[in-house]
Amino acid sequence: MWGGRFAAGPDAIMEAINASIGFDKRLAKQDIDGSRAHAAMLAAQGILTDKDAEAIREGLLTVLSEIEGGTFEFSTALEDIHMNVEARLKDIVGEAAGRLHTARSRNDQVATDFKLWVREQMDATISGLTALMQALLAQAEAGADWVMPGFTHLQTAQPVTWGHHMMAYVEMFARDRSRFQDARKRMNECPLGAAALAGTSFAIDRHATAEALGFDRPSANSLDAVSDRDFALEFLAAATICAMHLSRMAEELVIWSSAQFRFVTLSDRFSTGSSIMPQKKNPDAAELIRAKIGRILGANVALLTVMKGLPLAYSKDMQEDKEQVFDAADNLALALAAMEGMVRDMTANRDNLEAAAGSGFSTATDLADWLVRVLDMPFRDAHHVTGALVKLAEDKGCDLPDLSLDDMHSVNAQITADVFDVLGVHNSVASRMSYGGTAPEKVLTQVRRWKDALA
């Protein structure tokens, strides 16, 4: 493979550490797509004859069919997907195969292949996030006026609606979606034609190959083109944040589906049983999603560490760029699909949500706001009065709405019976009409906005 420079083949250990075909064979389609575009450009520029270009085109299609059909024999001795494809192409078309590598290097070839693959993962992730957001929108629309407790510190804070809680995740995953969309735009420059690092003396048309492969433009600097892995790092960074968001939602589903909460019932399709306890229904899909952040974050850190000390342009260290990205992409896709399935299938237990919404003095803030609004009390004074009323209710073993007017007068004589209108959880959520608030009307407005945006 190395021509006349080496008098002996590599040691077996060198071959083992040097070969990447065990994992980069996943780039076969992208490698062949890039080679077909390169060959067509060489022919259009008169660098390759039409006859050789046609033979290469047909030969590459044959190689692709063998790979996709499972009959292709990969060779570790040929190191990587690029040399495996080229060697098999030579078997099929003969001498013409040796002309395919004119005006390119494996450096720009692998950068192009990897970009094409990552770009496909970007698109798949954007689709997966869109589907998850649509599932959340369906839940939000169905339960726009269902009350539930909102939490801070996992302690009951104020009543919110089920729809509002679901829409919080819509916003969260929308940011993830925008990150992938933004990264995709930035990465869409074609390295092909940068050759090893300095460009080429052949009169190639890099704009033609960029267009043929769906890139917006060729990369503007040949050194940067072959040494850049920012596109993979941005994918992993966005994937890490997305996996963290999935983990947060998974944690809530684990809590909510427990016997202590019973806020949701997960479908049998996304639950498992116990080998010893027949009553168990475990939220294993949610727990596994919760764990995916570990390996995706690990992939992000691993690739950052590989790249952090590399001089320009290409170094063999960069062969370590793919396995982590492959694994992260696989696991993110699986986590997104599992979360979408769980969200679509899960049943919110409306009665349990409502019963919990009124517990824990959840309308205390509504009481304080009423004191400010109706009695013109400074908020800090209203906060103090409300705290005293909460303490009184706690001592009496009841909730705020269960206090009598006389009880309230024992703390502040100005309080009137109208205060009880704000102590109900439905009145509480209905009053939150500020933009982005939990009022059912506002929730449905946001649902409609996102349904239109995703359509």
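Report on the accompanying structure. Just so it is clear, the model here is predicted, and its values are computed rather than measured.

**Topic: the overall build of the chain**
Phase 1 of the analysis: Per the secondary structure count, the chain includes 18 helices and six strands.
Phase 2 of the analysis: Scaling as 2.2 N^0.38, a compact globule of 455 residues should have a C-alpha radius of gyration of about 23 Å, whereas the chain reaches 30 Å, well beyond that.
Phase 3 of the analysis: The 455 residues of the chain split such that 49% are buried.
Phase 4 of the analysis: Look at the contacts in the chain between residues 6 or more apart in sequence, and 75% of them connect residues 24 or more apart.
Phase 5 of the analysis: Summing over all exposed atoms, the chain offers an accessible surface of approximately 21500 Å²; the carbon and sulfur share of this is 52%.
Phase 6 of the analysis: Side-chain charges in the chain split into 45 positive and 63 negative, and the spacing between the mean points of these groups amounts to 2 Å.

**A closer look at the side chain of Arg229**
Phase 1 of the analysis: Position of Arg229 among the secondary structure elements: in the loop between helix H9 (222-227) and helix H10 (230-256).
Phase 2 of the analysis: Filtering out sequence-adjacent residues up to four positions away, Arg229 remains in contact with Val110, Ala111, Phe114, Met307, Tyr314, Met318 and Asp321.

**Looking at a nonpolar patch on the surface**
Phase 1 of the analysis: Together, Leu197, Leu223 and Leu312 make up an exposed nonpolar region whose accessible area comes to about 270 Å².
Phase 2 of the analysis: Residue position: Leu312 is located in the loop between helix H11 (284-307) and helix H12 (322-345).
Phase 3 of the analysis: Exposure remark for Leu312: the relative accessible area of 63% places this residue in the exposed category.

**Some details on the packing of helix H6 (residues 106-142) against H10**
Phase 1 of the analysis: As a packed pair, H6 and H10 sit with axes 10 Å apart at the nearest point and diverge in direction by 25°. One finds that H6 runs roughly parallel with respect to H10. As for how H6 packs across H10, the hand of that crossing is left-handed. Contact with H6, carried on its side by Ala111, Phe114, Lys115, Val118, Gln121, Met122, Thr125, Leu129, Leu132 and Leu136, involves Phe231, Ala232, Phe235, Cys242, Leu246 and Met249 of H10 and no other residues of that element.
Phase 2 of the analysis: Of the residues belonging to the contact of H6 with H10, the class tally is 13 nonpolar, two polar and one charged.

**Some remarks on the environment of Phe23**
Phase 1 of the analysis: Residue placement: Phe23 occurs in helix H2 (residues 21-24).
Phase 2 of the analysis: Judged by relative accessible area, Phe23 falls into the buried class, the value being 14%.
Phase 3 of the analysis: Each C-alpha atom of the pair Phe23 and Ala393 lies 65 Å from the other, and the pair is 370 residues apart in sequence.

**Some details on the environment of His426**
Phase 1 of the analysis: Summarising the element assignment, His426 is placed in helix H17 (residues 425-431).
Phase 2 of the analysis: As for His426 and Ala357, which are separated by 69 residues in sequence, their C-alpha atoms are 9.4 Å apart.
Phase 3 of the analysis: Ignoring anything within four residues of it in the chain, the contact list for His426 reads Asp145, Val147 and Glu354.

**Observations concerning H10**
Given 3.6 residues per helical turn, the α-helix brings residues three or four places apart onto the same face.
Phase 1 of the analysis: Look at H10: 39 Å from first C-alpha to last across 27 residues, which is about the 39 Å you get at 1.5 Å a residue.
Phase 2 of the analysis: Counting buried positions over the 27 residues of H10 gives 19, a clear majority of the element.

**Re the nonpolar core**
Phase 1 of the analysis: Membership of the largest hydrophobic core comes to 101 residues, with the highest contact counts inside it found for Trp162, Phe180, Leu246 and Met339.
Phase 2 of the analysis: Here the element with the most residues in this core is H10; it accounts for 16 residues.
Phase 3 of the analysis: Apart from the residues lying within four places of it in its own chain, the contact partners of Met339 are Leu132, Leu246, Met249, Ala250, Leu253 and Ile289.
Phase 4 of the analysis: Counting residues in hydrophobic clusters, the runner-up holds 21 residues, among them Phe361, Val390, Leu400 and Met408.

**Here's the deal with the packing of helix H4 (residues 50-69) against helix H5 (residues 81-93)**
If you want to describe how two helices pack, look at the angle between their axes and the distance between the axes.
Phase 1 of the analysis: Where H4 meets H5, the axes come as close as 9 Å, and the angle between the chain directions of the two elements is 120°. In terms of their interaxial angle, H4 and H5 are classed as oblique. The interaxial crossing formed by H4 with H5 has right-handed handedness. For the pair H4 and H5, contact is made by Ala55, Ile56, Gly59, Leu60, Thr62, Val63, Glu66 and Ile67 and by Val85, Arg88, Leu89, Ile92 and Val93, respectively.

**Observations concerning the pattern of salt bridges**
Oppositely charged side chains can pair when the atoms bearing their charge come close.
Phase 1 of the analysis: Under the definition given, this model contains 29 salt bridges.
Phase 2 of the analysis: Of the charged contacts, one joins Arg217 and Glu189 as a salt bridge, the two residues approaching to 3.4 Å between their closest N and O atoms. Placement of the pair is Arg217 in strand S4 (residues 217-218) and Glu189 in strand S3 (residues 189-190), with a sequence separation of 28 residues.
Phase 3 of the analysis: Judged by relative accessible area, which is 38%, Arg217 ranks as partly exposed.
Phase 4 of the analysis: A salt bridge links Arg269 to Asp345, with the nearest nitrogen and oxygen atoms 2.8 Å apart. A residue pair is termed long-range when its members are at least 10 positions apart, and Arg269 in the loop between strand S5 (264-265) and H11 and Asp345 in helix H12 qualify at 76 residues.
Phase 5 of the analysis: Accessibility expressed as a relative area gives 62% for Arg269, which makes it exposed.
Phase 6 of the analysis: Salt bridges sharing common partners tie together Glu79, Asp80, Arg106 and Lys316.

**Observations concerning the packing of aromatic side chains**
Phase 1 of the analysis: Evaluated as defined, the whole model comprises 10 aromatic pairs.
Phase 2 of the analysis: Ring geometry for Phe114 versus Phe231: centroids 5.5 Å apart, planes at 75°, classification edge-to-face. With a gap of 117 residues between them, Phe114 in helix H6 and Phe231 in helix H10 connect regions that are remote in the sequence. With respect to class, Phe114 is no different from Phe231; both count as buried.
Phase 3 of the analysis: Here the aromatic residues Phe151, Trp162, Trp256, Phe261 and Phe263 are joined through ring pairs into a cluster of three or more.
Phase 4 of the analysis: Lying over the aromatic face of Phe326, Arg26 brings its terminal NZ or CZ to 4.9 Å of the ring centre.
Phase 5 of the analysis: The residue whose ring lies beneath Arg119 is Phe215, and the NZ or CZ to ring-centre distance is 4.7 Å.

Parameters and conventions
- Residues numbered from 1 in each chain as written.
- Predicted model: local features only at pLDDT ≥ 70, side-chain atom pairs only at ≥ 80, totals over all residues.
- Heavy atoms only, no water.
- Helix = DSSP H or I, 4+ residues; strand = E, 2+ residues; numbered from the N terminus.
- Rg over C-alpha atoms; globule rule 2.2 N^0.38 Å.
- Buried < 20%, exposed > 50% of the residue type's maximum accessible area, 1.4 Å probe, protein only.
- Contact = heavy atoms within 4.5 Å.
- Areas by Shrake-Rupley, 256 points an atom, 1.4 Å probe, with all protein chains shown as cover.
- Lys, Arg positive; Asp, Glu negative; His and termini not counted.
- Charge placed at Lys NZ, Arg CZ, Asp CG, Glu CD.
- Patch = residues over 30% accessible without salt bridge, like charges linked within 9 Å, V, L, I, M, F, W, Y side chains within 5 Å.
- Salt bridge = Lys/Arg side-chain N within 4 Å of Asp/Glu carboxyl O.
- Axes fitted to C-alpha atoms, helices over the stretch in contact; angles between N-to-C directions.
- Parallel < 35°, antiparallel > 145°, perpendicular 65-115°, else oblique.
- Left-handed = near helix turned anticlockwise from the far one by under 90°.
- Nonpolar A, V, L, I, M, F, W, Y, C, P; charged D, E, K, R; others polar.
- Expected span 1.5 Å × (residues − 1).
- Core = buried A, V, L, I, M, F, W, Y, C linked by side-chain atoms within 4.5 Å.
- Phe/Tyr/Trp six-rings, centres within 6.5 Å; stacked < 30°, edge-to-face > 60°.
- Lys NZ or Arg CZ within 6 Å of the ring centre and 35° of its normal.

Nothing here speaks to function; it is all geometry.
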